[in-house]
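# Secondary and tertiary structure notes
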Amino acid sequence: MDSFLLKLRDDSQTDKGEASVKEGLENVPFFHLQVKDEDTRGTKAWKAKYEIHGDKNNNFRVITDPQTNEGVLYVDKHLDYENESLKNITITVENEIPYFTCKVTDRNTAGLWKIETDTGSNLFNGANIGSGTGGGGTLSRHQMTVAVEDVNEPPVFDPLKPVSVPENVAVGHYLGTCAARDPDVTSTNIIRYIKGQDPANLVTVDHKTGKITTSGVLDRESPLGKDGLYAVTIHAVDNGNPPMTGTATLSIYIINENDNAPSLIVSTFDICQSDKPSWVNVTAVDLDGEPYSGPFIFKLLGDVKNKWRVDPEQ
């Protein structure tokens, strides 16, 4: 079995155990390990098998390209420049079967030749990182440094606590203050706050301070809310290059008040005149929820004595 020559290749750096990758990326290739093997192409003695060591957070993975036999190094889990700007790992490589040598000890013309195979533990395993053609030694390994490139990340909001507000509260009522921070610790970006989704246009956000106040009348019965919950989104935008945006949601729980009068579902009825009693069902509805809706009290107005009655009488 012949040994092979293994070289490291990056898209921008050749023959160096160094590479760089931008923080935040996932499942992207960023480094190639090139091999040249003199064994028969496609055999297990030709195929390279790579392994990563020292990757405590499992940020990387390596696969073998079946066509080129290259090792392709991927970012498997995103890196964070602010937590660790350099990652030191070790790459080892070997063939899919152990390296061995063999020699003919008897060239018998009357039968099969006798071959002696040496699979001793001191033999080279078939993979050599760097230069040279291989030779005895331990498993081939290469130290590698991956530099994490800083990129502009979106601002991160502190948690926005839900607020409870009575409906019909005066315009200008204070709801809270949102605050966002820039995770790029070395940046001098300025953050400004912008209102996002606000279907009924009920709130105002101060661009500089993040102060949130009401700009319209809160109505619990509005179809733009659901079960008394009205949601507003707030954006924090930095002035980096390119600008990045973080988003948070403020949940406003509108406290119910008795601010809607009951109404009849049907307000006009047709009744046939007869010498016998005639009747109709009268049904009412109230937009206010419990406890400000039913039960209802029905009364008749006008000259109705001995002519009309409500059953049951209240």
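Just above, that's the structure.
Conventions used here
- Residues numbered from 1 in each chain as written.
- Predicted model: local features only at pLDDT ≥ 70, side-chain atom pairs only at ≥ 80, totals over all residues.
- Heavy atoms only, no water.
- Patch = residues over 30% accessible without salt bridge, like charges linked within 9 Å, V, L, I, M, F, W, Y side chains within 5 Å.
- Areas by Shrake-Rupley, 256 points an atom, 1.4 Å probe, with all protein chains shown as cover.
- Salt bridge = Lys/Arg side-chain N within 4 Å of Asp/Glu carboxyl O.
- Helix = DSSP H or I, 4+ residues; strand = E, 2+ residues; numbered from the N terminus.
- Buried < 20%, exposed > 50% of the residue type's maximum accessible area, 1.4 Å probe, protein only.
- Pairing = 2+ DSSP bridges.
- Axes fitted to C-alpha atoms, helices over the stretch in contact; angles between N-to-C directions.
- Phe/Tyr/Trp six-rings, centres within 6.5 Å; stacked < 30°, edge-to-face > 60°.

### Digging into a nonpolar patch on the surface
- On the surface, L264, I265, V266, F269, I271, V280, V282, V285, L300 and W308 cluster together into a nonpolar patch covering about 830 Å² of accessible area.
- Looking at the secondary structure, you find W308 in the segment after β22 (284-285).
- Owing to a relative accessible area of 51%, W308 belongs among the exposed residues under this scheme.

### Looking at unusual backbone geometry
- Residue P242 is reached from N241 by a cis peptide bond, and omega for that bond is 0°.
- Along the polypeptide, P242 turns up in the loop between β19 (229-238) and β20 (245-255).
- Although it is not a glycine, N168 sits at a positive phi angle of roughly 70°.
- Looking at where N168 falls in the secondary structure, it is placed in the loop between β13 (163-166) and β14 (174-177).
- On the basis of relative accessibility, which here comes to 37%, the residue N168 falls in the partly exposed class.

### Observations regarding the sheet that holds β19
- Strands sit in the order β13-β20-β19-β16 across an open sheet of four strands; the sheet is mixed. Either end of the sheet is taken by a strand with one partner, and the two such strands are β13 and β16 (191-195). Neighbouring strand axes in the sheet, compared pairwise and without regard to direction, differ in orientation by 30° on average.
- By the bridge criterion, four bridges tie β13 to β20 in an arrangement that is parallel. Bridging across to β20, P166 finds its partner in I255.

### As for the packing of aromatic side chains
- Tallied over the full model, the rule gives two aromatic pairs.
- Ring centres 5.7 Å apart and planes at 45° place the aromatic pair F30 and F60 in the tilted group. Placement of the pair is F30 in strand β3 (residues 28-37) and F60 in strand β5 (residues 60-64), with a sequence separation of 30 residues. In this pair, the class of F30 matches that of F60, namely buried.
- With a centroid separation of 6.3 Å and 50° between ring planes, the pair formed by F157 and Y193 is classed as tilted. Here F157, found in strand β12 (residues 156-157), pairs with Y193, found in strand β16; they are 36 residues apart in sequence, far enough to count as distant.

### Structural notes on the environment of V185
- You can see V185 is positioned in the loop between β15 (180-181) and β16.
- As for V185 and Y81, which are separated by 104 residues in sequence, their C-alpha atoms are 9.7 Å apart.

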